[in-house]
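As a plain string of letters, each chain reads:
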Amino acid sequence: MNLQDFQANESFLPQMSQQQYAEKPGAEQDEPSEKYGCLRFKPACLQRMNTIKVHVFWQCVFCFFEGFIVNGVINVVLVALEKRYSLPSSRSGLIASANDFGSIICSVLFGYFGEKRHKPRLMGTGILLMATGSLVFSLPHFIGEAYKYKVSADVNASTNICLLDDNVTDTCSTRAAADDTIANSVVMYYGLLMVGNILLGIGAAPMFTIGLSYIDENCKAKLTALYIGWTFSSAAVGVAAGYVVGGQTLSLFVDIDKVDPASVPLTPADPQWVGAWWIAPLIATLGFLAVAFPIYGYPKRLPSYKEVQKARASEAHGGNDELTAKVNFGKSWKDFPKSIWFLVTNPTYVFICFGAAVEALIIGGMATFGAKLIQEKFNVDITYAGTVMGIITIPGSGGGMLLGGYLVKRFNLKCRGIIRMCAAFMVAACLCGPFMLAQCPNDPVYGMDSPYMQGSPASGLVSGCNELCGCTTEGFEPLCAQGTIFFSPCHAGCTDSITIDGKKTYANCSCLANATTALSTNTSPSDVTSFQPGKCSGSCPWLYVFCAMFLVTMVLTFATMSPGVAALFRCVPDNQRSIGIGVNLLFVRLVGTTTGPVILGAIIDSTCTIWQDTCGTRGSCWMYDKSAMGTRIVLWFMGLKVAGCLLFLIASIVYKPPPTEEKVVTIETVATVEHFNGVANSDNGNIFIRSRDSTRL
């Protein structure tokens, strides 16, 4: 074709572009735009839903409830579950990590095979599975027995005072059979908690793989990070709501549906208090049911799909996407190894995944144990700690993700610029790390930090003054005396208790230098040794410093989330987006969010000073060394931030943008053409197109 033929056929180029568009990755030849609705019910009034903005809204609603239950409620109720089922932090961390077990493999499968299938239907099915998971998670409460606690002088609990005639060995022997039954039940309950969270992870996999690519393929490239930022921010708001709602439900006694709360001698400030952890998962079940059906109604392609794809410019690493651009690529198992190989040989993609996994280690660990850290380091109850975490999370994680998405759009950052911005945020967050050293003073404990009797060494909780009492660490009932706490009335050597003017006091406390005489019916208040129930110290001003710096650090950390996903989408070919995000989620969850809670839980456990002990069986931790906890967490946090920054910097260095040099194409012999926004001229009868953006249709 010469220049005269080219000028005489003005409609040739648009027709050629549309023909080649049909071969663009992910496009379906002659596929009409579908309408919104279910089966044949697709009325005109519902077509207002058939836009990318409304779809993003429903994804935001889903992300709200996903964040509410997975990263909000479950994390804040872990403290209650530890006490209810006698779990150490390392095992409770596994409950939080179970969410990733099911999604690890499913993310890759949905990402690969879901790309060519009806994405909204897969997403809706996943949401229904999450509703089932939330219900399963709450089952242990309904099929289990009432919670048993240990306090002094209460008919509904085992005693916690000094019993000189009691033999601990005999008591444990008589309880052995019952304890075996209880232990077997706890294993079953623990399994249900794990299964429930696994179902939540499997159900969320479609939304966080093909759901994100569904947004990306139906909106302009510069809006991808912004829309993804909206969904992630909605998840952050859900997390905050989960912390607040979960924390408030923990102010209700766990068996509020089984016993009269007025008959329970515990308060939320008591170390043995267990709140109604099961209420919030039921709320999440209803929420998932409400959002599943609107998602089901969306078509395979939105009406804006073709127009959006025409304006797309590839930013894939090296510009090498010829093989993946084939229409049938990715529809069979045979192409699966090739897809994985293309990803693992893309160095930019690999280093972004490594950097994201490092961030996930921090986010997974801090999200799981953030409320517990506030509770332990600043002497507040879990309800207050959960509320504080919720208040911090809304502007922290939500604001951070919106900030990251806005900066990408504001400065129109390309792939390399996005990666470098993520590295800069990680450096800034690392510099804030030392804030975790803030804490209130430790409460000294008689027998551990202070001797029971002046002049004698602190040799442990059991000493000469209480060695015949049969004291254990099964129940923590602290008593404050002169700025130091006794672990329980039993450890104080108190053989009697009495309530005077609504206040419980104790008598015959042999571990006090001013031990009183035996309690009798004629005892007056002056004859009774008075303690302050609970710990000696309360919260301190360092709590506000910690919260302020925690907020700043959270903003800087979450500001990498939506830009990181946008960079991931841009450094792989269009047809590799879903499998790319799926493999990324596999790696991030396997290395990051799965191990993060377990590692941080083990770090916290390593600072425990007093463990729960029930007839030789270790349960949850009662008290921690706050200074050691802060130091170890700071080293963990800053080390990971430095590693993540280096990984993102390497990703930006090895990134190779697509070639932008001039392309020379002979239209008579070449099946694909460049996007014709340049200038045409002729030489020797051929047509040359000088492209300004090298966009392939």
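Structure shown above.
Residues numbered from 1 in each chain as written. Predicted model: local features only at pLDDT ≥ 70, side-chain atom pairs only at ≥ 80, totals over all residues. Heavy atoms only, no water.

**Q** Explain the side chain of Lys 641 to me, please; I cannot follow it from the model alone.
**A** Positionally, Lys 641 belongs in helix α19 (residues 626–654). Take Lys 641: its relative accessible area is 1%, and that puts it in the buried class. Engagement of the side chain of Lys 641 in a polar contact is seen with the side chain of Glu 359, the distance being 2.7 Å. In this view, Lys 641 contacts Glu 359, Ile 362, Met 426, Ala 429, Cys 430 and Thr 557; residues no more than four positions away in its chain are not counted. (Helix = DSSP H or I, 4+ residues; strand = E, 2+ residues; numbered from the N terminus. Buried < 20%, exposed > 50% of the residue type's maximum accessible area, 1.4 Å probe, protein only. Polar contact = N/O pair within 3.5 Å; in protein donor to acceptor, adjacent residues only side chain to side chain. Contact = heavy atoms within 4.5 Å.)

**Q** Help me out: how do you make sense of the layout of surface pockets in this one?
**A** Sizing a probe to match a water molecule and rolling it over the atoms shows the empty space that remains. In this structure, the second largest pocket occupies an estimated 890 Å³ of space. If you list the elements that add at least two residues to the lining of the second largest pocket, you get α3 (52–84), α12 (347–378), β4 (503–509) and β7 (617–624). Tallied by class, residues from the lining of the second largest pocket come to 21 nonpolar, eight polar and 10 charged. (1 Å grid on protein atoms, 1.4 Å probe; cavity = no way out; pocket = protein on both sides within 12 Å on 5 of 7 lines; lining within 4 Å. Points joined across faces, edges and corners; volume = space filled by probe spheres on them. Nonpolar A, V, L, I, M, F, W, Y, C, P; charged D, E, K, R; others polar.)

**Q** Help me understand the state of the cysteines in this model?
**A** As used here, a disulfide is simply a covalent bond connecting the sulfur atoms of two cysteines. What the rule picks out here adds up to six disulfides. The residue that forms a disulfide with Cys 162 is Cys 469, at a sulfur-sulfur distance of 1.9 Å. Between Cys 162 and Cys 469 the sulfur-sulfur dihedral comes to about -75 degrees; the bridge is accordingly left-handed. Here Cys 469 lies in the loop between α14 (415–431) and β1 (479–481) and Cys 162 lies in the loop between α5 (119–143) and α6 (168–204), a separation of 307 residues in the sequence. For the pair Cys 162 and Cys 469, one class covers both residues: buried. Sulfur-sulfur distance for the disulfide between Cys 471 and Cys 490 comes to 2.0 Å. Its torsion about the S-S bond being -95 degrees, the disulfide of Cys 471 and Cys 490 is classed as left-handed. Of this pair, Cys 471 sits in the loop between α14 and β1 while Cys 490 sits in the loop between β2 (484–486) and β3 (494–500); the two residues are 19 residues apart in sequence, bridging distant segments of the chain. (Disulfide = S-S within 2.5 Å.)

**Q** Can you walk me through the pattern of salt bridges in this structure?
**A** Oppositely charged side chains may form a pair once their charged atoms are brought near each other. Applying the stated criterion to the full structure yields two salt bridges. Close ionic contact of Lys 372 with Glu 82 constitutes a salt bridge, the shortest N to O distance being 2.9 Å. Highlighted residues: Lys 372 in helix α12 and Glu 82 in helix α3, separated in sequence by 290 residues. As far as the burial class goes, Lys 372 and Glu 82 line up, both buried. In this structure, Lys 641 engages Glu 359 in a salt bridge whose closest nitrogen and oxygen atoms are separated by 2.7 Å. Of this pair, Lys 641 sits in helix α19 while Glu 359 sits in helix α12, and the two are 282 residues apart along the sequence. This pair shows no difference in class: Lys 641 is buried, exactly as Glu 359 is. (Salt bridge = Lys/Arg side-chain N within 4 Å of Asp/Glu carboxyl O.)

**Q** Please clarify how unusual backbone geometry should be interpreted in this entry.
**A** Trans is the common state for peptide bonds, and a negative phi is the common state for residues other than glycine. A positive phi is found at Asn 379, a non-glycine position, where the angle reads about 55 degrees. Locating Asn 379 in the fold gives a position in the loop between α12 and α13 (382–410). The phi dihedral of Asn 412 falls on the positive side, at around 50 degrees, and the residue is not glycine. Inspection of the secondary structure puts Asn 412 in the loop between α13 and α14.

What is shown is where atoms sit, not what they do.
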